[in-house]
Amino acid sequence: MKVVLTIAGFDPSSGAGVTADLMVFAAHGLYGCSCITALTVQSTLGVVGTHPVTPEIVRETLGCLLDDLPPAGIKIGMLATVEMVVVVAEFLERYRGIPVVLDPVLRSSSGRELLSAEGVILLRERLLPLVDWVTPNLDELGVLTDRVVTTHEQMLAAGRGLRERFPRLNVLATGGHLDQPDDLLLSVEGEEHWIKGEAVITTSTHGTGCVLSSALLSQLVLGVGPREAAGKAKRYVTEALRRAVPIGHGRGPTNLLWRLRDATEPHV
Ligand code: PXL
């Protein structure tokens with residue numbers, strides 16, 4: 001069984017963060033390990049607090065896991081502080097040759113900052129050159145490229161800008177907030193491909209970025225090529241939205257385990 005690693009924050013409501021990532025890995029038949037960068041305090045009603053763990057804990061955890069459970073792929077999510085970006089960059093500099101997917105988590109959908117301003121600068125300078133994939137939503141793509149990104153055309157221009165600056169980086173930009181919610185793949189091979197989306201009307205939208213990036217990493221680790229992996233990851237999210245059941249009073253989780261069992265079916 002292949003081992004994969006998520007380096008991300010903890011969301012006690014389990015819609016996003018490491019617990020969500022682990023569910024997605026499990027649904028793809030992978031064994032997930034996790035390294036928590038920050039504890040968030042939140043429910044489906046929004047994030048009310050964030051508490052980064054110390055960079056030493058993250059450094060020790062990564063070293064400890066590496067010796068015993070070397071991952072076949074790494075997904076990176078919420079990093080919270082500039083110190084955490086440094087620790088993860090140092091780890092990636094020493095550990096190369098496996099797919100690494102960065103979900104550049106900057107803010108929660110309730111508007112809470114999940115990476116400091118200094119952290120954003122270092123993520124752009126030091127982390128982007130070290131990863132194979134980045135999966136920004138429209139806002140994140142805008143911040144990474146110093147542009148306003150609200151349309152398909154702006155997405156394409158910003159994605160091209162990012163690819164020019166980082167030739168070894170595959171970009172999967174997510175347009176889930178657009179009326180026509182298409183994603184855009186710009187691959188290292190020079191491929192530019194729109195992945196058609198369909199709007200799913202639901203309030204269960206919490207953690208879609210985490211689900212997309214961990215589904216993408218899962219496909220890459222399973223040996224699927226870039227274009228098919230991106231398409232399958234997008235379909236995983238769409239299906240997780242379509243099959244979500246109402247949980248909590250706010251923006252509920254998606255159905256992270258739909259591939260294992262449709263949660264709307266009676267338990268057996
Ligand atoms: O969806 C962004 C995100 C990522 N990671 C963690 C989060 C959130 C949003 O709330 O809590 C831990």
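Bear in mind that the values here come from a model prediction, so they are computed numbers and not experimental data.

**Observations regarding the packing of helix H5 (residues 138-145) against helix H6 (residues 152-165)**
- For the pair H5 and H6, interaxial distance at closest approach is 10 Å and the crossing angle is 45°. Comparing their axes, H6 and H5 come out oblique. Handedness of the crossing formed by H5 with H6: left-handed. Contacts between H5 and H6 pair Leu138, Leu141, Leu144 and Thr145 from the former with Met155, Ala158, Gly159, Leu162 and Arg165 from the latter.
- Looking at side-chain class alone, the contact of H5 with H6 contains 6 nonpolar, 2 polar and 1 charged residues.

**Structural notes on the side chain of Thr254**
- Assignment of secondary structure puts Thr254 in the segment after helix H8 (226-242).
- Dropping the residues within four chain positions of it, Thr254 is found in contact with Ser204, Thr205, His206, Thr208, Val211, Ala240, Leu241 and Ala244.

**Thoughts on the nonpolar core**
- If you look at the biggest cluster of nonpolar residues, it comprises 49 residues, and the most contacted ones within it are Ile7, Ile74, Ile76, Leu79 and Leu92.
- Tallying contributions element by element places helix H3 (residues 82-94) first for this core, with 8 residues.
- Sequence-distant contacts of Ile74, defined by excluding residues within four places in its chain, comprise Leu5, Ile7, Phe91, Leu92, Tyr95, Ile98, Pro99, Val100, Val101 and Leu217.
- Counting residues in each nonpolar core, the second largest holds 28 residues, with Phe25, Trp133, Leu172 and Ala240 among its members.

**A short note on the site of the ligand**
- The environment of the ligand is formed by 13 residues, the closest being Gly9, Gln42, Val47, Ser108 and His206.
- When isolated, the ligand has an accessible area of 310 Å², and the protein chains bury 91% of it.
- Taken together, the residues of the shell around the ligand sort by class into 7 nonpolar, 6 polar and no charged.

**Quick word on the packing of helix H2 (residues 55-68) against H3**
- Where H2 meets H3, the axes come as close as 9 Å, and the angle between the chain directions of the two elements is 20°. Between H2 and H3, the interaxial angle falls into the category roughly parallel. Between H2 and H3 lies a crossing whose hand is right-handed. Of the residues in H3, those touching H2 at Pro55, Val58, Arg59, Leu62 and Leu66 are Glu83, Met84, Val87, Glu90 and Phe91.

**Regarding the pattern of salt bridges**
- Summed over all chains, the structure comprises 11 salt bridges.
- Between Glu191 and Arg227 there is a salt bridge whose closest N-O contact spans 3.4 Å. Within this pair, whereas Glu191 is found in the loop between strand E8 (183-186) and strand E9 (192-195), its partner Arg227 is found in helix H8, the two being separated by 36 residues in sequence.
- On the basis of relative accessible area, Arg227 is assigned to the partly exposed category, the value being 43%.
- For Arg242, the salt bridge is made with Glu239, and the minimal N-O distance between the two is 2.9 Å. One end of the pair is Arg242 and the other is Glu239, both in helix H8 and 3 residues apart, which spans about a single turn.
- What makes Glu239 buried here is its relative accessible area of 16%.

**Some remarks on the pairing of strand E1 (residues 3-10)**
- The buried fraction of E1 is high, at 7 of 8 residues.
- The pairing of E1 with strand E2 (residues 31-43) spans 7 bridges and is classified as parallel. Opposite Phe10, over in E2, you have Leu39 as the bridge partner.
- For the crossover from E1 across helix H1 (residues 17-27) to E2, the handedness is right-handed.
- Pairing geometry for E1 and strand E4 (residues 74-76), over 3 bridges, is parallel. In the strand pairing of E4, Leu5 is matched with Ile74.

Parameters and conventions
- Residues numbered from 1 in each chain as written.
- Predicted model: local features only at pLDDT ≥ 70, side-chain atom pairs only at ≥ 80, totals over all residues.
- Heavy atoms only, no water.
- Axes fitted to C-alpha atoms, helices over the stretch in contact; angles between N-to-C directions.
- Helix = DSSP H or I, 4+ residues; strand = E, 2+ residues; numbered from the N terminus.
- Parallel < 35°, antiparallel > 145°, perpendicular 65-115°, else oblique.
- Left-handed = near helix turned anticlockwise from the far one by under 90°.
- Contact = heavy atoms within 4.5 Å.
- Nonpolar A, V, L, I, M, F, W, Y, C, P; charged D, E, K, R; others polar.
- Core = buried A, V, L, I, M, F, W, Y, C linked by side-chain atoms within 4.5 Å.
- Buried < 20%, exposed > 50% of the residue type's maximum accessible area, 1.4 Å probe, protein only.
- Near = heavy atom within 4 Å.
- Areas by Shrake-Rupley, 256 points an atom, 1.4 Å probe, with all protein chains shown as cover.
- Salt bridge = Lys/Arg side-chain N within 4 Å of Asp/Glu carboxyl O.
- Pairing = 2+ DSSP bridges.
- Right-handed = clockwise from strand over helix to strand, strands pointing away.

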